[in-house]
Structures are given as C-alpha cells and as structure tokens.
Amino acid sequence: QVQLVESGGGLVQPGGSLRLSCAASGNIFMIYAMGWYRQAPGKQRELAAHINSAVRTNYADSVKGRFTISRDNAKNTVYLQMNSLKPEDTAVYYCHALVSATVTGRPYDYWGQGTQVTVSS
C-alpha cells in the first residue's frame, strides 16, 4: 500500500503564490509518474500538471507559464509551485502517483486526500 500526503494549500489573494507538496510513502519500488489534479465545485476533476520518471512535464493550458511541477526522487515527493494565482484556480488539488511495489509488479494509481486552494480577495 502507498500513502500520499499533501500539504501547502490555503487562502491566497489573486496574483499570489502557493507551493503544494506531496510525499509518497509505503511499499514503493518505483514511482513512474506523479501529478496534480484539481476539482472545482460543480466541475470534473482535471489535470493541472504531470511529471514522469524521465522528468518530462505536461501542463494544462490554463496553468502554463504560471505553475511549475517538480519532483525529488530521493524523497518520493512532488511539488507544485503556483504563481500568479487567479480566482479560477480555486479548487481541491489532488496528488496522484503511478507506483509499482516490486520490480516485476504492475503499477497502480494512488491518490492523496486533497488540499483546498482558495484564491480570493
């Protein structure tokens, strides 16, 4: 089993910044990819940013140029630096990881509990 623990959410004014962190722990052989998804009230969960084991990143068009995803493999941790935040960035942000527990095992999807980000004046 793998646990993902998120931190860093909160209330920020428009134009401000926040940094989210997500640490993975448990039965981990390899983390293939990690990412951040977000879900605003009344909307479907959507990808915000994604980073794979080759450090290739992918961003939603709405966050390109403002958000930066990075990972620390030694700590099994992924970060999301969010700058120039807008009210439309308000959502619950969920950490995701694709993890295999053994060298031959298939990878599984794991999710964090979510952290609230509210952008408001």
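The structure under discussion appears in the preceding block.
The structure presented is a predicted model; accordingly, all values stated were derived computationally and were not measured. (Residues numbered from 1 in each chain as written. Predicted model: local features only at pLDDT ≥ 70, side-chain atom pairs only at ≥ 80, totals over all residues. Heavy atoms only, no water.)

Chemist: Describe a nonpolar patch on the surface, listing the residues and the values that go with them.
Modeler: A cluster of nonpolar side chains, contributed by Phe29, Met30 and Val103, occupies part of the molecular surface with about 280 Å² of accessible area. Given a relative accessible area of 45%, Phe29 falls into the partly exposed group. (Patch = residues over 30% accessible without salt bridge, like charges linked within 9 Å, V, L, I, M, F, W, Y side chains within 5 Å. Areas by Shrake-Rupley, 256 points an atom, 1.4 Å probe, with all protein chains shown as cover. Salt bridge = Lys/Arg side-chain N within 4 Å of Asp/Glu carboxyl O. Buried < 20%, exposed > 50% of the residue type's maximum accessible area, 1.4 Å probe, protein only.)

Chemist: Describe in detail unusual backbone geometry, supporting the description with residues and values.
Modeler: The phi torsion at Val55 lies on the positive side, around 60 degrees, for a residue other than glycine. Structurally, Val55 is set in the loop between strand S5 (46-52) and strand S6 (57-59). Note on Val55: relative accessible area 55%, which makes it exposed. The phi dihedral of Asn76 is positive, around 50 degrees, even though this residue is not glycine. With respect to the helices and strands, Asn76 occurs in the loop between strand S7 (67-72) and strand S8 (77-82). (Helix = DSSP H or I, 4+ residues; strand = E, 2+ residues; numbered from the N terminus.)

Chemist: Describe the pattern of salt bridges, and please don't skip the residues or the numbers.
Modeler: When their charged atoms lie close together, side chains carrying opposite charge are able to pair. Considering all chains together, one arrives at four salt bridges under this definition. Of the charged contacts in the structure, one is a salt bridge between Arg38 and Asp89, with a shortest N-O distance of 2.9 Å. Of the two residues, Arg38 sits in strand S4 (residues 30-39) while Asp89 sits in the loop between S8 and strand S9 (91-100), which places them 51 residues apart along the sequence. In terms of burial, Arg38 and Asp89 fall into one category: buried. One salt bridge connects Asp61 with Lys64, and the closest N-O pair in it is separated by 3.1 Å. Classification of Lys64 by relative accessible area gives partly exposed; the value is 49%. One salt-bridge network, held together by shared partners, links Arg38, Glu46, Arg66 and Asp89.

Chemist: Got a sec to walk through the sheet that holds strand S1 (residues 2-7)? Specific residues and values, please.
Modeler: Sheet architecture is open: four strands sit in the order S1-S3-S8-S7, paired in antiparallel fashion. The open sheet is flanked by S1 and S7, the only strands paired with a single partner. Each strand axis lies, on average, 15 degrees off the axis of its neighbour in the sheet, ignoring direction. Here six bridges tie strand S3 (residues 18-26) to S8, and the two strands are oriented antiparallel to one another. The residue of S8 that forms the bridge with Ala23 is Thr77. (Pairing = 2+ DSSP bridges. Axes fitted to C-alpha atoms, helices over the stretch in contact; angles between N-to-C directions.)

Geometric descriptors of this kind do not, in isolation, establish any biological role.
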